[in-house]
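# Summary of structural features
What follows is the residue order along each chain.
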Amino acid sequence: MKRTHLAAVSIAAASALALSACAPSATDTGDEVTLTLWSWRTEDVEKYNRIFDVYEEANPGVTIEFEAFLNTEYNQLLTTGLSGSDGPDIAMVRSYGGLQAWVSAGQLVPIDDIVDGLDAIEPAVLAGARGHEDGLIYGVPFATQTLQMFYNKGMFDELGLEEPTTWDEFIELNDALLAAGVTPMALGAKDSWMLPIFSDIIGAGRYGAGEFEAAVLSGEKNFTDPDYVASLALVDDMQQYLSPDVVGVGYTDAQIQFTSGLAAQYPGGTFELTTFNTQAPDLELGVYQVPLPPDAVADAPVTPAYADGSFAINSASEHQDEAAKLLNWFTTEEFAQLFADELSMFSPIPGVTYDDPVLEEMWDLYQASPASYLLLVNFRYGEPQGTAVLGEGVQQMFLGELDPAAVADKLQAGIDQWFVPGN
């Protein structure tokens, strides 16, 4: 029986096992096998179980046990599990720099030669599952996440409000919501990982999105650049439209604030959609890109995005052949369509269609003006990670302890400890 676990993993010593391509799998021998798959998506347990029911029906003798852990504790739990004998057979792993510690420790199996269909995935998405030093692929990407502003269509209609198309309209909209006694935007600033997301939703167009990204990576500019500081000033200005005690508001509290009608808008990612649909199935959602502010460097509003993560094989698994077979299924259109239908997320596998109109609208916005979620895509390859530094810095800014320029200085000082431009 599939189940979800929210407990820590015990530490035990184990030696890494090499993948044997010629070894018979459980489905070949008739043996029963259970594959454990770990995830940080506690909200998706039932949905994944329905997806894996399809695989189990086609592969008698194989049971997939989907185990989900709290997202804030997952990385440490997985690190502990992969270091011992109690880890999963397959793990949902983070992308880009978030992947590298497990790769460097030899805890994941490179899949270039054992999984078909990887070449059909967009290179920019596949880069999230690639080893930074060896260039090998260590997982099958499962989702592209886009960042945008959600809003309550019913509330907007009731108050006679519309999606803003200019910065002045965006400010007027938020002022009107305040005047109506409604919190304009729900944000869980207590969970600092949400703050770089908020910063890019509000400010990516101001600092220049892809143009700035290229300049920073080459060393032409850094995060103390006036345009980036100006984007942080916009984020600071938004505090008036958030809960008064926003740094004390948790991530799930902000979701409830939005779905219960206490807030009219929610700056977040595609990954929120299934939660919103579950918590408030009658809530009519809309989405839009935040319009460009004055003096914006970008030519048009942008939708930041990133490869969320991938499914990887634990090098200490005793069922690597069966795990490889499952990962091959993850590259098929059958799995991709089930994933999109159940989880309301964008699959990186070609051929998928999206029935959810909100999901389709988010995809159209992204296709029209894509950008990278800058700090996650590029600045998680060393310590301290850029997202962690900025998240803490924005919290301090909201508390009045730092101004935007000081937050930018803090971010650059953190990145300077490991980032070398041009490499």
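Heads up: the structure comes first, above all this text.
What counts, and where the lines are drawn
- Residues numbered from 1 in each chain as written.
- Predicted model: local features only at pLDDT ≥ 70, side-chain atom pairs only at ≥ 80, totals over all residues.
- Heavy atoms only, no water.
- Salt bridge = Lys/Arg side-chain N within 4 Å of Asp/Glu carboxyl O.
- Helix = DSSP H or I, 4+ residues; strand = E, 2+ residues; numbered from the N terminus.
- Buried < 20%, exposed > 50% of the residue type's maximum accessible area, 1.4 Å probe, protein only.
- 1 Å grid on protein atoms, 1.4 Å probe; cavity = no way out; pocket = protein on both sides within 12 Å on 5 of 7 lines; lining within 4 Å.
- Points joined across faces, edges and corners; volume = space filled by probe spheres on them.
- Nonpolar A, V, L, I, M, F, W, Y, C, P; charged D, E, K, R; others polar.

### Some words on the pattern of salt bridges
Counted by the stated rule, this structure contains 5 salt bridges. Where Arg-50 meets Glu-342, a salt bridge forms, and the shortest distance between an N and an O atom there is 2.9 Å. Pair noted here: Arg-50 is in helix α2 (residues 45-58) and Glu-342 is in helix α14 (residues 333-343), with a separation of 292 residues, a long-range link. Looking at Arg-50, the relative accessible area reads 40%, which means it is partly exposed. Taking the relative accessible area as the measure of exposure, Glu-342 reaches 22% and is therefore partly exposed. Put simply, Arg-41, Glu-43 and Asp-44 are held in one network by salt bridges that share partners.

### Some words on the layout of surface pockets
Here the largest pocket defines a volume of roughly 1,200 Å³. In this structure, the largest pocket is lined by 42 residues; those nearest its centre are Trp-40, Asn-71, Thr-72, Arg-94 and Trp-193. The set of elements that each furnish at least two residues to the lining of the largest pocket consists of α2, α3 (74-83), α11 (251-259), α12 (273-279), β8 (303-313) and α17 (386-398). Tallied by class, residues from the lining of the largest pocket come to 13 nonpolar, 18 polar and 11 charged. In this structure, the second largest pocket occupies an estimated 470 Å³ of space. Residues of the lining of the second largest pocket, tallied by class, amount to 18 nonpolar, 4 polar and 1 charged.

Nothing here speaks to function; it is geometry throughout.
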